[in-house]
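Each chain, letter by letter, is given below.
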Amino acid sequence: MAFTHIFAGDPLDRADAERRDDQWIAERLADSNSRILPFWRLNPLATTGDEPKLAWQDKSALAQAAKNAVPVLLGLRDDVAHFAIDVTGGSKVPADVDGTGEENPAELFGLPDGMAFQDARGVATEISGEESGTLAHARAVVGWHQRHGFCPNCGEATRSTKGGKERICDACGAHQFPRTDPVAIMAVTDGERCLLGQTRARRTSRFYSALAGFIDQGESIEEAVRREVWEEGGIRVGDVRYHSSQPWPFPSSLMIGCIAQATSTDIRIDPGEMSDVRWVPREEVLRALEIASAPNYSLTADPGGEGVRVPGPIAIAHHIIKAWANGE
Ligand SMILES: [Zn+2]
């Protein structure tokens, strides 16, 4: 299928061969043609206004980085190197320089008007699809470095190599690689109805979504689908069909979307995780999808009316539910 989810579609050549050469990376970091994307608390610098774009900077952005921050080589496009850099904690100046009571790190770094560090999830729906893919790539790796400064094997400090796609422990020789955590997410169907669940965090809303869960160790995708649906809803599942997948960099998931057929119908909810699981008729699902596709749809701004609410098009859940509802 030709569809590309938000957070997929990064167009950069990931430069696997070039990133083995530290000298080449150093030269590219010193090259004023190279583009560097700063992150503040895992939120990217982007232009403000109606059609935001990632606000790539030149090498001067490196001076603003935190002392131990690692420039991550994301890759190449048209022979231009693209990096990400974490500037969280990169300035000694108190954050509230303009006295408004709000942190505005863009001011600290002397950036021109018209750019700001923006919520990664919010801005992902406004920038181009390609840029959302680059954002997902960059955010996942920058976050991984924040959390992996020390060796899980011996506890000593580790150092970045391969342009930020590996960390090495010099004390014990262990290598660590940025991780991706697979999550199975599934539209479970029974003829003219689809199984949707509401997590406890959403229990005061009308918000429902596809069931989902991390794939366990020693488990296939199909097995994870069947286990999660049984645990959360008490429903047995037969056929499992892969639909599509979506990177989800919060912090580093890969959502694996499936459409699955139920072989039982009596729901038994796991009250520890879910406040409700229910069969929703196709007509109600189609209405909810239409509402969720409106511009500026949000879970907090309820437009009223009857029925459940489902995720908007940023999420793969929307698309697997839609694929079933449209009979694909
Ligand atoms: Zn070690």
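Residues numbered from 1 in each chain as written. Predicted model: local features only at pLDDT ≥ 70, side-chain atom pairs only at ≥ 80, totals over all residues. Heavy atoms only, no water.

### Remarks on helix H6 (residues 282-292)
Note the cut-off: Burial classes: relative accessible area under 20% of the type maximum marks a residue as buried, over 50% as exposed, and values in between as partly exposed (1.4 Å probe, protein chains only). The helix count covers DSSP runs of H or I at least four residues long, the strand count covers runs of E at least two residues long, and both are numbered beginning at the N terminus. When we speak of the arc, we mean the arc of directions from the helix axis to the C-beta atoms. Whether two residues are in contact is decided by their heavy atoms: any pair within 4.5 Å suffices.
All buried positions along H6 are accounted for by Arg282, Glu284, Val285, Ala288, Leu289 and Ala292. The arc that holds every buried residue of H6, seen down its axis, measures 160 degrees, which confines them to one face. In this structure, H6 carries Glu283 and Glu290 as exposed residues pointing more than 90 degrees from its buried face. In this fold, the buried residues of H6 make contact with strand E10 (193-199), strand E14 (274-281) and helix H7 (316-325).

### Notes on the sheet that holds strand E8 (residues 175-176)
What counts here: Any two strands between which DSSP finds at least two bridges are classified as paired.
If you walk across this open sheet you meet the 3 strands as E6-E7-E8, and the pairing is antiparallel. Unpaired on one side and paired on the other, strand E6 (159-161) and E8 mark the two borders of the sheet. Looking at chain direction, strand E7 (residues 166-168) and E8 are connected through 2 bridges and run antiparallel. Bridging across to E8, arginine 167 finds its partner in glutamine 176.

### Structural notes on the side chain of arginine 309
Going by this rule: Under the rule applied, a polar contact is a pair of N or O atoms within 3.5 Å (in protein, one hydrogen donor and one hydrogen acceptor; residues adjacent in sequence only if both atoms are side-chain atoms).
Looking at the element boundaries, arginine 309 is found in the loop between H6 and H7. Since its relative accessible area comes to 5%, arginine 309 is described here as buried. A distance of 3.4 Å separates the side chain of arginine 309 from the backbone oxygen of glutamate 306, its partner in a polar contact.

### Here we look at the domain arrangement of the protein chain
The condition that has to hold: By convention here, the domain bounds are inherited from an automatic or database domain assignment. Put simply, buried area is the surface a 1.4 Å probe can reach on two separate parts but cannot reach once they are joined, added for both. Under the convention adopted here, Pro, Cys and the residues Ala, Val, Leu, Ile, Met, Phe, Trp and Tyr are nonpolar, Asp, Glu, Lys and Arg are charged, and Gly plus all remaining residues are polar.
Segmentation of the protein chain into domains returns domain 1 (18-147) and domain 2 (181-325). In this structure, domain 1 and domain 2 have C-alpha centres spaced 33 Å apart. Each side of the interface is counted separately: domain 1 has 7 residues, and domain 2 has 7 residues. With both chains or domains summed, domain 1 and domain 2 bury close to 650 Å², and 73% of this area falls on carbon and sulfur atoms. At the junction of domain 1 with domain 2, the criterion picks out 1 residue pair in polar contact (both at pLDDT 80 or more). When contributions to the side of domain 1 that touches domain 2 are tallied by element, the ones reaching two or more residues are helix H3 (120-124) and helix H4 (129-147). In terms of residues, the side of domain 1 that touches domain 2 owes the most to one element, H4, which gives 4 residues. Of the residues in the side of domain 1 that touches domain 2, the class split is 3 nonpolar, 1 polar and 3 charged.

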